Amino acid sequence: MLREYFPCTNEGASLYNGFLPRKNLFCIIYEINGSPAQTMEEINGFLEANGYAKALTEEFNESSVYVKHPVTIAPHGKLNQLVVSIEKDIAAQSQTEFLINELKKFRAERDWDQFHNPKDLSIALSIEANELLEQFLWKKPEDANLEKVAEELADVFAYAFQLADRLQLDVEQILLRKIKHNGEKYPVSKSRGSANKYNEL
Ligand SMILES: [Mg+2]
């Protein structure tokens with residue numbers, strides 16, 4: 001839902017059929033095909049499904065604009081369109097964004113931003129993934145030191161999040177999209193209990 005997972009890219013916004021005219025502002029346009037009341041019902045369905053309070057038609061002011069932070073509804077361009085704008089509020093910051101901000105704060109304090117290009121972040125991520133493997137080398141899986149495994153796993157996450165941020169990719173959106181894609185590649189009916197690759201199912 002939009003309130004919890006506010007998109008940070010237009011691609012992410014398009015999953016909600018909207019767009020981001022600027023960072024932290026999501027917009028979605030509604031055509032008034034039938035009656036305006038019917039369109040408001042549609043808009044309210046969208047607002048409710050995404051964690052926002054319903055708009056009350058009687059709260060539209062004389063210029064036909066509804067403003068109840070963070071939601072604004074106003075006529076758009078052509079007369080038969082309404083644009084719903086939703087500003088991101090602090091509560092909408094996801095756990096992932098919080099973590100990325102913490103990583104960026106750490107990086108800025110050390111002036112390491114200059115080294116964090118996509119190539120070097122990818123290399124660092126791969127090195128950390130190998131340090132994670134090292135924890136299991138020559139051991140039974142259960143004999144690996146969990147504390148060291150956690151440390152290396154955290155390094156992997158740190159570089160993965162910073163790489164996504166550098167490439168302006170929305171971690172939640174790309175991960176959800178991949179889970180959906182993998183679900184199509186590995187339908188439960190064929191893949192349940194099988195470790196085979198999708199082309200050998
Ligand atoms: Mg490490």
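What comes next is a walk through the structure. Note that the structure is predicted; figures quoted are calculated from it, not measured.

1. What about the pairing of strand E2 (residues 25–31)?
- Burial analysis of E2 places five of its seven residues in the buried class, which makes it a mostly covered element.
- As judged from the two bridges shared by strand E1 (residues 19–22) and E2, these two strands associate in the antiparallel manner. Residue pairing across strands places Arg-22 opposite Leu-25, the latter belonging to E2.
- Where E1 hands over to E2, the hairpin turn is made up of two residues, of which Asn-24 adopts a positive phi near 75°.

2. A word on the environment of Gly-193
- Relative to the helices and strands, Gly-193 is located in the segment after helix H7 (188–191).
- Judged by its relative accessible area of 87%, Gly-193 falls in the exposed class.
- Spatially, the C-alpha atoms of Gly-193 and Asn-50 are 35 Å apart, while their sequence positions differ by 143 residues.

3. Focus on the side chain of Thr-96
- Here Thr-96 is to be found in helix H3 (residues 95–109).
- Aside from chain neighbours lying at most four places away, what touches Thr-96 is Phe-161, Val-171 and Glu-172.

4. Let's talk about the coordination of the magnesium ion
- Around the magnesium ion, the protein contributes the donor atoms Glu-128 (OE), Glu-131 (OE), Glu-152 (OE) and Asp-155 (OD), which lie 2.1 to 2.3 Å from the metal centre.
- Sequence spacing of the donors to the magnesium ion: E-x2-E-x20-E-x2-D. Of this pair, Glu-131 sits in helix H4 (residues 118–134) while Glu-152 is found in helix H5 (residues 146–166), placing the two residues 21 residues apart along the sequence.

5. Description of the environment of Thr-72
- Position of Thr-72 among the secondary structure elements: in strand E4 (residues 71–75).
- In the structure, Thr-72 is positioned twelve residues away from Val-84 in sequence and 5.8 Å away in space, judged by C-alpha atoms.
- Beyond its immediate stretch of four places on either side in the chain, Thr-72 contacts Val-65, Tyr-66, Val-67, Val-83, Val-84 and Ser-85.

6. Examining the sheet that holds strand E3 (residues 66–68)
- In space, the five strands of this open sheet follow the order E1-E2-E5-E4-E3, with antiparallel pairing throughout. Every other strand in the sheet has two partners, leaving E1 and E3 as the edge strands with one partner each. Taken pair by pair, the neighbouring strands of this sheet meet at an average axis angle of 25°, ignoring direction.
- Bridge count for E2 against strand E5 (residues 81–87) is seven bridges, and the pairing is antiparallel. Following the sheet pairing, Cys-27 is matched in E5 by Ser-85.

7. Comments concerning the pairing of E5
- Of all seven residues making up E5, six are buried, and the element is well covered by its neighbours.
- Note: E4 against E5, five bridges, orientation antiparallel. Bridging from a neighbouring strand, Ile-73 pairs with Val-84 of E5.
- Adjacent in sequence and paired antiparallel, E4 and E5 are bridged by five residues, among which Gly-77 carries a positive phi angle near 45°.

So, how was this worked out
Residues numbered from 1 in each chain as written. Predicted model: local features only at pLDDT ≥ 70, side-chain atom pairs only at ≥ 80, totals over all residues. Heavy atoms only, no water. Buried < 20%, exposed > 50% of the residue type's maximum accessible area, 1.4 Å probe, protein only. Helix = DSSP H or I, 4+ residues; strand = E, 2+ residues; numbered from the N terminus. Pairing = 2+ DSSP bridges. Contact = heavy atoms within 4.5 Å. Donors = N, O, S within 2.8 Å, 3.2 Å for Na, K, Ca; no water. Axes fitted to C-alpha atoms, helices over the stretch in contact; angles between N-to-C directions.

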